[in-house]
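Observations on the three-dimensional arrangement
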Amino acid sequence: MFYGLIDQGCILNKTDQFDFPTPPNVQVSERARMSDDQSLIKARYCRSILKVAAISTDQEARGLLEGLATEQPTPNTSPAMAEAERAALSAIRDLAGYQHGRSVPQSSSEWMRAARAVQLWLNVNDK
């Protein structure tokens, strides 16, 4: 799977994420839209992992949340998308840190804050 991405000119950046090539004639606003699309994919992924973590054992949930906590902001997104993404990733990191070593119920304020932040991130595209 990754070899196909490399063949298409994609390379791993310093954070081990793929940088997708942008054609030189693409306008800045088009680049931001493309990056916003990538950010929305990441938002959907985060929402899915949060849902799985919510029904998992404490140990599984910790592992899933710790994995999400390593996500880095998507570069070159629009200002609204960047702000929503940073807030959601921050809430996820807070939840992962709070969950570390203890059980945190899905109804806790930390879970609710992370879920709301991810939903707001997803809603940026609707505005």
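Procedures and definitions
Residues numbered from 1 in each chain as written. Predicted model: local features only at pLDDT ≥ 70, side-chain atom pairs only at ≥ 80, totals over all residues. Heavy atoms only, no water. Salt bridge = Lys/Arg side-chain N within 4 Å of Asp/Glu carboxyl O. Helix = DSSP H or I, 4+ residues; strand = E, 2+ residues; numbered from the N terminus. Core = buried A, V, L, I, M, F, W, Y, C linked by side-chain atoms within 4.5 Å. Buried < 20%, exposed > 50% of the residue type's maximum accessible area, 1.4 Å probe, protein only. Contact = heavy atoms within 4.5 Å. Axes fitted to C-alpha atoms, helices over the stretch in contact; angles between N-to-C directions. Left-handed = near helix turned anticlockwise from the far one by under 90°. Nonpolar A, V, L, I, M, F, W, Y, C, P; charged D, E, K, R; others polar. Expected span 1.5 Å × (residues − 1). Arc of directions from axis to C-beta. pLDDT = per-residue confidence, 0-100. Polar contact = N/O pair within 3.5 Å; in protein donor to acceptor, adjacent residues only side chain to side chain.

Turning our attention to the pattern of salt bridges. Counted under the stated rule, the structure contains four salt bridges. Two residues, Glu71 and Lys42, come together in a salt bridge whose shortest N-O distance is 4.0 Å. Taken together, the positions of Glu71 in the loop between helix 3 (58–68) and helix 4 (79–99) and Lys42 in helix 2 (residues 28–54) put the pair 29 residues apart, joining distant regions of the chain. In this structure, the salt-bridge partner of Lys42 is Glu85, at a minimum N-O distance of 3.2 Å. Here Lys42 is found in helix 2, whereas its partner Glu85 is found in helix 4, with 43 residues between them in sequence.

This part covers the nonpolar core. Ranked by internal contacts, the top residues of the largest apolar core, which has 25 residues, are Cys46, Leu50, Leu65, Val118 and Trp121. Put simply, the parts of the chain that give this core at least two residues each are helix 2, helix 3, helix 4 and helix 5 (109–123). Considering each element in turn, this core owes the most residues, eight residues, to helix 4. Setting aside anything within four residues of it in sequence, one finds Cys46 in contact with Leu68, Leu89, Ile92, Val118 and Trp121.

Before going further, it helps to examine the packing of helix 3 against helix 4. Look at helix 3 against helix 4: their axes get within 9 Å of each other, and the N-to-C directions meet at 145°. Two packed elements cross with a definite hand, and for helix 3 against helix 4 that hand is left-handed. Where helix 3 abuts helix 4, its residues Asp58, Ala61, Arg62, Leu65, Glu66 and Leu68 lie against Ile92, Leu95, Ala96 and Gln99. Of the residues belonging to the contact of helix 3 with helix 4, the class tally is six nonpolar, one polar and three charged.

Let us look at helix 5. The end-to-end C-alpha distance of helix 5 is 21 Å, a good match for the 21 Å that 15 residues give at a rise of 1.5 Å each. Those residues of helix 5 lying buried are Trp111, Ala114, Ala117, Val118, Trp121 and Leu122. All buried residues of helix 5 lie within an arc of 140° about the axis, which places them on one face of the element. In this structure, helix 5 carries Ser109, Arg116 and Leu120 as exposed residues pointing more than 90 degrees from its buried face.

Here the focus is the confidence of the model for the protein chain. Scored by pLDDT, the protein chain has a mean of 79; 68% of the residues are at 70 or more. Per-element confidence in the protein chain is highest for helix 5, whose mean pLDDT is 94, and lowest for helix 1 (residues 2–7), whose mean pLDDT is 36. A low-confidence stretch, residues 1–13 stays under pLDDT 50, and its non-local contacts, those more than four residues away or across chains, total 18 contacts. Between residues 20–26, whose pLDDT stays under 50, and residues either more than four places distant or in other chains, the model counts 11 contacts.

This brings us to the side chain of Thr74. Mapped onto the fold, Thr74 is located in the loop between helix 3 and helix 4. Within the structure, Thr74 has its side chain in polar contact with the side chain of Lys42 (distance 3.1 Å). A distance of 2.9 Å separates polar atoms of two side chains, one belonging to Thr74 and the other to Glu85.

This next bit is on the environment of Leu120. If you trace the backbone, Leu120 turns up in helix 5. Along the primary structure Leu120 and Ala88 are separated by 32 residues, whereas in three dimensions their C-alpha atoms are 8.1 Å apart.

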